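# Inside the fold
Now for the letters of each chain:
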Amino acid sequence: MSKIIYLVPLFPLIGFLINGLGRKFLSKPLISIIASGAILASFIVSVLLFINVKNTGSISAAYFDFINFANVVIPFAFQIDQLSSLFLLIITGIGFLIHLYSSAYMHEETSHHYARYFAYLNLFVFSMLLLVMGANYVIMFIGWEGVGLCSYLLIGYWFKNINYTYAAKKAFVMNRIGDLGFLLAVFWLINKLGTVAYVDVFANVSKLSQADITIITTLLFIGAMGKSAQIPLYTWLPDAMAGPTPVSALIHAATMVTAGIYMIARSNILYTMAPQTQAFIAVIGLATALFAASIALKQDDIKKVLAYSTVSQLGYMFLGLGVGAYTGAVFHVMTHAFFKALLFLGAGSVIHAMHHEQDIRKMGGLKKYLPITHITFLLGCLAIAGVPPFSGFFSKDEILTAAYAKNPLLYYFGMAGALMTSFYMFRLYALTFLGKFRGTHEQEHHLHESPLAMTIPLLVLAALSVVGGFIGVPEVFKADSHWLEHFLSPIFAQSAALTESHHLSHSTEYTMIGTSTALILVTIIFAWKKFSNYVPNEGENEGFNKLLANKWYVDELYNSIIVKPIELFSGLLKNVIEKNVIDGAVNGVGKLVVASSRQLRLIQNGQVGSYILIMVVFIIVFLFAWINDLTIVRFFNKLF
Amino acid sequence: MIPVLLIFIPVFAGLISFLLKNERTVKGWALVSSLIVLATSIGAITTNNPASTLFDATWLPSLGARFTVSLDGMSKMLVLLTAVAFTLVFVATNKNEYKHTAAFYGLMLLTQAGLMGVFLATDCLLFYFFWEFALIPVYFLCSIWGGKKRIAVTFKFFIYTFVGSLFMLVGILYLYFLTPDQSFSLNSFYSLKLTLTQQCNAFLLFFIAFAIKMPIFPLHTWQPDAYEQSPTATTMILSGVMVKMGLFGVIKWLLPIVPLAINRYAMPVMILSVIGVLYASLIAIKQDDVKRLIAYSSIAHIGLMCAAIFSQKNIALEGVLIQMFNHGINVIGLWIVANAIEQQLGTRKLSELGGLAVTAPKLAILTVIMAFANVALPLTNAFIGEFLMFNGIFQYNIWLAAVAGISIILAAVYTLNMVQKIFYGNTVTATEKAIDIDNNVFLSLSITAVLILVLGVFPQPLIDLTKSAVHLLFVK
Amino acid sequence: MPIQYYIYLALTLFTIGIIGVLTRRNAIIIFMCIELMLNAVNLLLVAFSKMHNGIALVTNKDSMVGIDAQLFVFFIMVVAAAEVSVGLAIIVMMYRNTHSIDVNFLNRLKN
């Protein structure tokens, strides 16, 4: 079985090469068939691998030495175990659906750009596969930066709009800040352990001192902050919505942004041994969850709401990782991939129908025009809100329960965030699909349900969002029903051995589930009532609301305390320091030579007498010096 | 015999090209000659037979200087770089028009000979001879075919590097008088047993020359001006190959001879280098001229290499060697882009460009590859070198590595800035009627892109080529 | 006579020569001062020659020690004579051109 591992990333790579190099010769249908076919092929291989892993355990394959110098040996190797095979399924499965969706969504593009789009998308899948399949941190880093590159290319896909390219640049640069942390962690590992292979690192983890582990985990987490959009590096993700909507669904919701969670789940043993880092992650995750949710409350752009929602959900995943609920976090990655991809694709369908209108204040009443989109979107909203028995309920519940076990305070805040989530999601839903249509007549005239290639992925994802949660039913309902935990247990075995599991009593869990469900339902009904007959009014964005609508002015803050000072400083370096101080010093030396030679020239005044005088004076001086054997004479004696 | 061929083929080709009349013949002749050199250098890297990698003849018997040239792992790589660089340059700038074409190409070929000599010489006086020999044609190239401010700039460039070289000459003589057999040969320099004071003296004398040539902060100000004012073909050689002379000098002529002094001055030099890395990166962010932007970017990369050398870790040194080659390829790629833009649109100002991806998609795609190689994205060739170098710096001092690491963020900022300002957005007056690149530029950029990707995925051959050389440097 | 007397005399003549060259502007007088310095050196050469020869003669009747100095004197006198002829010719030419033999007049190379 390990012989076919390389096929998984190979197919998307081939797809990328064909579409990238042959973009002038291929027709649009052919392009989409090649691209989607490539992903479908790797999905099939992934399924085979998954079944294999499920039955016989993890497999690995090494191909060639990427770097082999002295004691640093980094093989180009893949490792397929429970965790990575699960991610493979998510990436290729959802990836395929989104490729299919894109083939219709992007149909307006010329074939040249159409091929470019699919080439980028395939390249992204390739990089993401490298990220999860790598058997060591360096291969993971290759994928890590590769997805950053594809994210850059796809956000800036419509490059004629200069603002989109700013968003792309911002995403790449902010990711790079995190990447620096990742890279330093890798150096630290190489330095202390001499290896970056997961197997060796985790086996030798006892050789690291406590301080080392804390620093390595913190640095890795900084990498995750950038990639998975956590405070303070989250601002790129909402801007990344400049890219085509399927891209947002695939990269900025389902897969790339969860790379940070994958990485931490992968290194779980390191994190379990670094309780301070874990606490830090939990706090950052929770803070991000709440902060982003609060912003999402007042956003009017359909994609922006979903983007902040993604940031917030990622925060929950990090909360899960921080409290040691690794399975819960991975579970949430999976369910989130289902329903957030669904929501984004649904939003894409809406935007498609509305002719690129994204402001939900100008929508409304789309229920009757877009029935399939409407129903699937509603299911997605229910799933993300955490209404039982939709998938989001199970995964979120697992994280929050673990948070409660760690510290009830974390639970209360987490719950508050979950309520905000259900509020803003149903605000979004109600504004978009309920009430009367608020757009122009022209738009209304053209409203239509999207083609099959777009609705099929919606239906599949909706089904997954509804039933996806049943692979992780909490123990409280039925003993041994948590299939996912059982499946992933080899990955987290090392951590589990170190932590004592403190189960909550069944009655507490029931109470928690009961109250949270009740509260969420109340919020949903409240939002439904409030926004189903929405009329725009002027005064709604005042005071605190204005603060939220402007995203707490974080972008402005970063701009004024980081971007502007750096710009000013580099302007100062360029125009003052470089020009006047450093080059000035160099030119100054030159000028000094010229000036002093101009002065020195005056001695050569053409008066023979003065020449002779100087000669005589110096002869006398040397004579005296010689007689008295001064240092200078000794120096000359030595020289000659 | 191969090293001699590598030096004398370009010399003869250069001299002959002075005599040619027809412009197209000259260009063809230069290209053929560079291809022959390329073939020879490929032969050079595959051979290990001492008879063909070493050549020794009497040169100045009264001084004890001999004409000794030889190929080791390090020089094999740099010879290959020189050969590849000149071929790429001749292909890419084939359409450029020059007055006195024959003289231009003649001087270019002589420069190649000088560079080959620098990388091959194992006699210190011969090394010095070629060091200056490579400088002189470049001086004429810049001062005759350069931009508006060429006279002042070339004068500064020449004086600056020449003053440095004179210090080195004093250093060479200093070591020469310390050798027991009064010889300039590398081996007798290597077997010197010097005290710390002697090492420091020699180090300072040599290092001034190398530091100016690299250049490291704050001795760098000649470089952006020289790059900006030189004809682009010369700039490519200057930044692709010539700045490597300084790094090469430190590795081959300082590290094994004065290890104690290197160790003593490591910290200040590394701090200066790291300051230079950040300083140049920050300035690059604000540049409006593409050529100056690339120049500052190059200063930042070279600064990192210098810091890596002084970390004295073999892994960092391996990184530097690989990076010397890869940086040469990448930066030439960027210059080809700059040249293509300037030749066609007549401007290099970012503020006057925009939307070129609409009219020149091929150029845009290839430039993006160059740009991401410049920010050392994994699976491009630059990543591997930077990875190894940072590793070594990290081993030496964690904080230096962390601070120098900021440059990978800043590199992303200025490189993507450049890509964005040139290619994205709507077309402007300058780019409205632009057409895509011609076959020459396309060919040379494609070769560069292929090299970038292949060496990025399979860097091991380069590592194997230079491994033994690095090992030998540390045996001493 | 002790050698010191010759030295003092030569030194005096030489100093007079130098001061003359430095202070006077008349080319002829400068010329004469140069001759004076040359002759001071000649005098010294002859004096030392005689001294060394005298010491050597005590042990060896046919000694030639120090005699070469007197050869030098002849050389110097011959060279000086040649120099005078050339120099005077220059002065004559100079007088024809500038109607002056003031050396400070001859600073046209300046600037």
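What you see is a predicted model; the values in this text were computed from it and never measured.

What follows deals with the interface of chain B and chain A. Taken together, the contact between chain B and chain A spans 62 residues of the former and 50 residues of the latter. Summing the contributions of chain B and of chain A, the shared interface buries around 5000 Å²; its carbon and sulfur component is 75%. On the chain B side of the interface with chain A, the three residues burying the most area are B:Lys286, B:Phe387 and B:Phe394, jointly 13% of the side's total. Counting every contact that joins chain B to chain A gives 2 salt bridges. Between A:Asp583 and B:Lys156 there is a salt bridge, and its shortest N-O distance comes to 2.6 Å. Applying the counting criterion to the chain B and chain A interface returns 14 residue pairs in polar contact (both at pLDDT 80 or more). Element by element, the count of residues in the side of chain B that touches chain A is highest for helix α19 (residues 398–423) of chain B, at 14 residues. For the side of chain B that touches chain A, a count of residues per class yields 43 nonpolar, 13 polar and 6 charged.

Contacts are most numerous between chains A and B, considering all 2 pairs of chains that are in contact. Of all C-alpha pairs spanning chain B and chain C, none lies closer than 25 Å, and the two are not in contact.

Take the packing of aromatic side chains next. By the definition in use, this model includes 76 aromatic pairs over all chains. The interplanar angle of 75° and the centroid separation of 5.5 Å between the aromatic rings of B:Phe104 and B:Tyr105 together place this pair among those described as edge-to-face. Across this residue pair, the class does not change: B:Phe104 and B:Tyr105 are buried. Over the aromatic face of A:Tyr316 sits the side chain of A:Lys396, whose NZ or CZ is 5.4 Å from the ring centroid. The ring of A:Phe531 carries the charged tip of A:Arg427 above its face, separated from the ring centre by 5.6 Å.

This brings us to the layout of surface pockets. The calculated volume of the second largest pocket comes to roughly 1400 Å³. The wall of the second largest pocket is formed by 45 residues, among which A:Lys169, A:Lys170, A:Val173, A:Asn559 and A:Val563 lie closest to the centre. Of all the elements in the fold, those that place two or more residues in the lining of the second largest pocket are α6 (162–193), α8 (210–227), α9 (236–239), α14 (302–322) and α24 (554–601) of chain A together with α13 (259–286) and α19 of chain B. Looking at the lining of the second largest pocket residue by residue, the classes come out as 23 nonpolar, 9 polar and 13 charged.

Take a nonpolar patch on the surface next. All names here are of chain A. Judged by side-chain polarity, Leu 600, Ile 603, Leu 613, Ile 614, Val 617, Phe 618, Val 621 and Phe 622 come together as a nonpolar surface patch covering roughly 740 Å² of accessible area. In terms of residue count, the dominant contributor to the nonpolar patch is helix α25 (residues 608–628) (6 residues). Turning to its location among the elements, Val 621 is positioned in helix α25.

This paragraph deals with the domain arrangement of chain A. Domain boundaries assigned for chain A yield domain 1 (1–135), domain 2 (136–549) and domain 3 (559–639). Centre-to-centre separation of domain 2 of chain A and domain 3 of chain A, based on C-alpha positions: 66 Å.

What follows deals with unusual backbone geometry. Between B:Met214 and the following residue, B:Pro215, the backbone shows a cis peptide bond with an omega angle of -5°. Within the secondary structure, B:Pro215 is located in the loop between α9 (196–213) and α10 (222–229). Along the chain, B:Phe217 connects to B:Pro218 via a cis peptide bond; the corresponding omega equals 0°. Here B:Pro218 lies in the loop between α9 and α10. The phi dihedral of A:Trp552 falls on the positive side, at around 60°, and the residue is not glycine. Within the element layout of this structure, A:Trp552 appears in the loop between α23 (543–549) and α24. A residue is classified by how much of its surface remains accessible, and A:Trp552, at 30% relative accessible area, is partly exposed. Notably, B:Gln312 is not glycine yet its phi reads approximately 55°, a positive angle. Looking at the element boundaries, B:Gln312 is found in the loop between α14 (290–310) and α15 (314–345).

Rules of the game
Residues numbered from 1 in each chain as written. Chains lettered and ligands numbered in written order. Predicted model: local features only at pLDDT ≥ 70, side-chain atom pairs only at ≥ 80, totals over all residues. Heavy atoms only, no water. Contact = heavy atoms within 4.5 Å. Buried area = accessible area lost by both parts, 1.4 Å probe. Salt bridge = Lys/Arg side-chain N within 4 Å of Asp/Glu carboxyl O. Polar contact = N/O pair within 3.5 Å; in protein donor to acceptor, adjacent residues only side chain to side chain. Helix = DSSP H or I, 4+ residues; strand = E, 2+ residues; numbered from the N terminus. Nonpolar A, V, L, I, M, F, W, Y, C, P; charged D, E, K, R; others polar. Phe/Tyr/Trp six-rings, centres within 6.5 Å; stacked < 30°, edge-to-face > 60°. Buried < 20%, exposed > 50% of the residue type's maximum accessible area, 1.4 Å probe, protein only. Lys NZ or Arg CZ within 6 Å of the ring centre and 35° of its normal. 1 Å grid on protein atoms, 1.4 Å probe; cavity = no way out; pocket = protein on both sides within 12 Å on 5 of 7 lines; lining within 4 Å. Points joined across faces, edges and corners; volume = space filled by probe spheres on them. Patch = residues over 30% accessible without salt bridge, like charges linked within 9 Å, V, L, I, M, F, W, Y side chains within 5 Å. Areas by Shrake-Rupley, 256 points an atom, 1.4 Å probe, with all protein chains shown as cover. Domains from an automatic or database assignment.

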